[in-house]
Amino acid sequence: MPVLKLGFGNSVIREFPIGENPATIGRSPQMDIFIDNPAVSFHHARVFSHGGVYYVEDLGSLNGTLLNGVRITQAPLTHGDVITVGKHTVRFSRELPGVKPQPVAPPREVEEEEVRLTGTMVLDTKKRRELQEAFARGKAAAAGTVATRMGKLTVLKGKTASKEFLLTSKTAMIGKSDQCTIRLKGWFAPKIAAMINKQGAAYLLSPTIKKVSVNGLPLTARVELKENDIVAVGRVQMQFSLVAW
């Protein structure tokens, strides 16, 4: 069973075995991996499994989540990867009891295009996403099944914590609160503006304030999001789409 090793400096503080259920990381005492440090958001990140592969996902944290020194929104994990949350590290390990782990090669030089966002280097995940989607389609075709479709919001306009948000959770809130998966930025951004609930294959958007619209029409009740719908919250505009997963 894979293990997450929480560390500070050169010391390992605790170890957390993980299985099929997601492991949450943050400053809230309700998190699976609780880190009492002001640099850590209450709901900072999570590690989850899908199709036998483990992933780390930033939950719209204020200071971001790094994987092997590179800021990410979501990325797959391999043995020895180091997740940085505030001043703490979380090492992903697949070592078995009684088996000495093999040395882990240093990360290769980043070849993908990098862009600057708020003074921090952010890895462009376009190529990684294309590879993941191609792999999902190929795997489904080999099994004679249809690939799972996952919702995604792509930011077209406005200030947000990321340019893309994969809707991997059953519930995703939109706003500037630390509790929100889709984090908005700006002095006048609402703390919680709307909520997206996944029910089966459908993604349902429910507003909590009046300044939410879909395709230019004010939203007053829950609505199911369709491919290419434009969701607007104040000055922020995002396009909804479904991607292979």
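Below, the structure is looked at part by part.

Some details on the nonpolar core
Ranked by internal contacts, the top residues of the largest apolar core, which has 26 residues, are Leu167, Ile174, Ile182, Ile196, Leu205, Leu225 and Met238. Mapped by element, the contributors of at least two residues to this core are strand S14 (149–157), strand S15 (164–166), strand S16 (171–175), strand S18 (194–199), strand S19 (202–207), strand S20 (212–214), strand S23 (230–233) and strand S24 (236–244). Counting residues per element, this core draws most heavily on S24, at 4 residues. Apart from residues lying up to four places away in sequence, isoleucine 196 is in contact with Leu153, Leu167, Lys170, Thr171, Ala172, Ile174, Ile182, Tyr203, Leu204, Leu205 and Leu225.

A short note on the environment of glycine 234
For glycine 234, the location among the structural elements is in the loop between S23 and S24. We classify glycine 234 as exposed; its relative accessible area is 51%. In sequence terms glycine 234 and glycine 158 are 76 residues apart; their C-alpha atoms lie 8.8 Å from each other.

Some words on unusual backbone geometry
Only a minority of non-glycine residues have a phi that is not negative, and only a minority of peptide bonds are not trans. You will see that asparagine 68, though not glycine, has its phi angle at about 55 degrees, which is positive. Looking at the element boundaries, asparagine 68 is found in the loop between strand S7 (65–67) and strand S8 (70–72). Judged by its relative accessible area of 31%, asparagine 68 falls in the partly exposed class. Phi is positive for asparagine 228, which is not a glycine, with a value near 75 degrees. Along the polypeptide, asparagine 228 turns up in the loop between strand S22 (223–224) and S23. Given the relative accessible area of 45%, asparagine 228 is considered partly exposed.

Reading the values: the criteria
Residues numbered from 1 in each chain as written. Predicted model: local features only at pLDDT ≥ 70, side-chain atom pairs only at ≥ 80, totals over all residues. Heavy atoms only, no water. Core = buried A, V, L, I, M, F, W, Y, C linked by side-chain atoms within 4.5 Å. Buried < 20%, exposed > 50% of the residue type's maximum accessible area, 1.4 Å probe, protein only. Helix = DSSP H or I, 4+ residues; strand = E, 2+ residues; numbered from the N terminus. Contact = heavy atoms within 4.5 Å.

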